Amino acid sequence: EDQVTQSPEALRLQEGESSSLNCSYTVSGLRGLFWYRQDPGKGPEFLFTLYSAGEEKEKERLKATLTKKESFLHITAPKPEDSATYLCAVLGYNQGGKLIFGQGTELSVKP
Amino acid sequence: EPEVTQTPSHQVTQMGQEVILRCVPISNHLYFYWYRQILGQKVEFLVSFYNNEISEKSEIFDDQFSVERPDGSNFTLKIRSTKLEDSAMYFCASRWDRGDYNEQFFGPGTRLTVL
């Protein structure tokens, strides 16, 4: 069964304190791994798509990387406005376009 | 910047009543989805829709649920007889047709509360 597990469930950082979020996945053929940001009471906001092991994507203070079993979202020198829940989702070959989501990592950045 | 919109933002209903949740996908997108998120839980897939028919549905999407694209812009989710356990955030998503490797863009959600 396709599955996505994210860790940690919650992460508290001081402003400027860099860290990484983990997304471990098992899927029957990976077509894509997606990172989303979700603010409270809002819909997921697209951040990155990764397609193959070794691929990296960057956007401002965020950098996403991918291996054959996991993805990392690295946050460099975070600011309070980076506080949100970060969701990882996978799309497999046996799925008709549906995304399988992890439970998310709730990030809190204090000034 | 184009975005997915959803109405209403919050719907309160009595158990057993019918509700219709509405979505306007991004205009040139061809694939449409409904997901839901029960408070504190994962976002979970309900149904995908392409070329005016359902392409895949989850176990959650039983006979009480239906989807429709009544015109060229709207995409609706109907729950015929709501249950307490249907209380959740419902998200609509859409994507373009550029092969399989497309990100899905999500709307802001409709919070459904069943009393």
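This text follows the structure it describes.
Remember, predicted model here, so these are calculated numbers, not experimental data. (Residues numbered from 1 in each chain as written. Chains lettered and ligands numbered in written order. Predicted model: local features only at pLDDT ≥ 70, side-chain atom pairs only at ≥ 80, totals over all residues. Heavy atoms only, no water.)

1. Description of the overall build of chain A
Here is the rule we go by: Only DSSP runs of H or I covering at least 4 residues are called helices, and only runs of E covering at least 2 are called strands; the numbering of each starts at the N terminus. With the radius of gyration taken over C-alpha atoms, the globule rule is written as 2.2 Å times the number of residues to the power 0.38. Accessible area is worked out with a 1.4 Å probe on protein chains only. A residue is then buried under 20% of its type maximum, exposed over 50%, and partly exposed in between. Whether two residues are in contact is decided by their heavy atoms, any of which lying within 4.5 Å being enough.
Helix and strand content of chain A: zero helices and eleven strands. Going from the N terminus to the C terminus, chain A shows its helices and strands as β-β-β-β-β-β-β-β-β-β-β. Its C-alpha atoms give chain A a radius of gyration of 13 Å, near enough to 13 Å, the size a compact globule of 111 residues would have. In terms of overall dimensions, chain A has a C-alpha envelope of 45 × 30 × 20 Å along the principal axes. Taking all 111 residues of chain A together, the buried fraction comes to 50%. Within chain A, residue pairs in contact and separated by at least 24 positions form 56% of the contacts whose partners lie at least 6 positions apart.

2. As for the interface of chain A and chain B
Going by this rule: Buried area, as used here, totals the accessible surface that two parts lose on assembly, with accessibility defined by a 1.4 Å probe and the loss added over both. When a carboxyl oxygen of Asp or Glu lies within 4 Å of a side-chain nitrogen of Lys or Arg, that pair is called a salt bridge. Counting of polar contacts relies on pairs of N or O atoms within 3.5 Å, with two restrictions inside protein: one atom must be capable of donating a hydrogen and the other of accepting it, and residues adjacent in sequence are counted only when both atoms are side-chain atoms. Just so you know the grouping, Ala, Val, Leu, Ile, Met, Phe, Trp, Tyr, Cys and Pro go in nonpolar, Asp, Glu, Lys and Arg go in charged, and all remaining residues, Gly too, go in polar.
At the interface, 23 residues of chain A touch 21 residues of chain B. Buried area between chain A and chain B, summed over both chains or domains, comes out near 1,700 Å², and the portion from carbon and sulfur atoms is 54%. For chain A, the biggest contributors to the area lost against chain B are R31, K98 and F101 of chain A; these three give 25% of the whole. At the boundary of chain A and chain B, one finds one salt bridge. For the pair chain A and chain B, the number of links is five residue pairs in polar contact (both at pLDDT 80 or more). Listed by contribution, the elements that provide at least two residues to the side of chain A that touches chain B are β4 (30–38), β5 (45–50) and β9 (84–92) of chain A. At four residues, the largest contribution of residues to the side of chain A that touches chain B is made by β4 of chain A. Residue composition of the side of chain A that touches chain B, by class: eleven nonpolar, nine polar and three charged.

3. Brief notes about the side chain of Q104 of chain B
Note that Q104 of chain B resides in the loop between β9 (88–95) and β10 (105–106). Residues contacting Q104 of chain B, with those up to four places away along its chain left out, are Y36, G97 and L99 of chain A together with Y33, Y35, A93, S94 and R95 of chain B.

4. What to know about the state of the cysteines
Residue and element names in this part refer to chain A. As a reminder, the rule being used: We call a pair of cysteine sulfur atoms a disulfide when they lie within 2.5 Å.
For the coordinates displayed, the defined rule picks out two disulfides over all chains. Disulfide pairing is shown between C23 and C88; the S-S distance is 2.0 Å. An S-S torsion of about -60° defines the bridge between C23 and C88 as left-handed. Placement of C23 in strand β3 (residues 19–26) and of C88 in strand β9 is noted, with a sequence separation of 65 residues between them.

5. Considering the sheet that holds strand β3 (residues 19–24) of chain B
Residues and elements named next belong to chain B. Heads up, the rule is: Two strands pair under a simple rule: DSSP has to find at least two bridges between them. Helix axes are fitted to C-alpha atoms over the stretch in contact, other axes to C-alpha atoms as well, and angles between N-to-C directions run from 0 to 180 degrees.
Taken together, four strands build an open sheet; the order of strands is β1-β3-β8-β7 and the sheet is antiparallel. Every other strand in the sheet has two partners, leaving β1 (5–7) and β7 (65–68) as the edge strands with one partner each. Between one strand and the next, the sheet's axes are offset by a mean angle of 20°, whatever the strand orientation. Pairing of β1 with β3, which is carried by three bridges, proceeds in the antiparallel orientation. Looking at the pairing, Q6 lines up with C23 of β3.

6. Digging into the sheet that holds strand β7 (residues 62–66) of chain A
Residue and element names in this part refer to chain A. Strand order in the open sheet formed by five strands is β1-β3-β8-β7-β6, with antiparallel pairing between adjacent strands. The open sheet terminates on both sides in strands that have one partner only, identified here as β1 (3–7) and β6 (56–59). When strand polarity is set aside, the average angle formed by the axes of neighbouring strands in this sheet is 15°.

7. Considerations on the nonpolar core
Under the convention used in this document: For our purposes a nonpolar core is just a set of buried Ala, Val, Leu, Ile, Met, Phe, Trp, Tyr and Cys residues, chained together by side-chain atoms within 4.5 Å.
Core analysis: the biggest nonpolar cluster contains 25 residues, and Y25, L33, W35, L73, Y86 and V90 of chain A have the highest contact counts within it. Mapped by element, the contributors of at least two residues to this core are β2 (10–14), β3, β4, β5, β7, β8 (70–75), β9 and β11 (105–110) of chain A. Counting residues per element, this core draws most heavily on β9 of chain A, which supplies four residues. Core analysis: the second largest hydrophobic core is formed by 21 residues, W34, L77, C92 and V114 of chain B among them.

8. As for unusual backbone geometry
Backbone phi values are negative for most residues with the exception of glycine, while trans is the configuration of most peptide bonds. Going from S7 of chain A to P8 of chain A, the amide bond is cis rather than trans, its omega being -10°. Among the structural elements, P8 of chain A can be located in the loop between β1 and β2. Each neighbour pair has its own omega, and for T7 of chain B with P8 of chain B the value is -10°, a cis peptide bond. By the element assignment, P8 of chain B lies in the loop between β1 and β2 (10–13). Residue E60 of chain A is not a glycine yet carries a positive backbone phi of 55°. By the secondary structure assignment, E60 of chain A is in the loop between β6 and β7. With a relative accessible area of 71%, E60 of chain A lands in the exposed category. Here A77 of chain A, not a glycine, exhibits a phi torsion of approximately 45°, which is positive.

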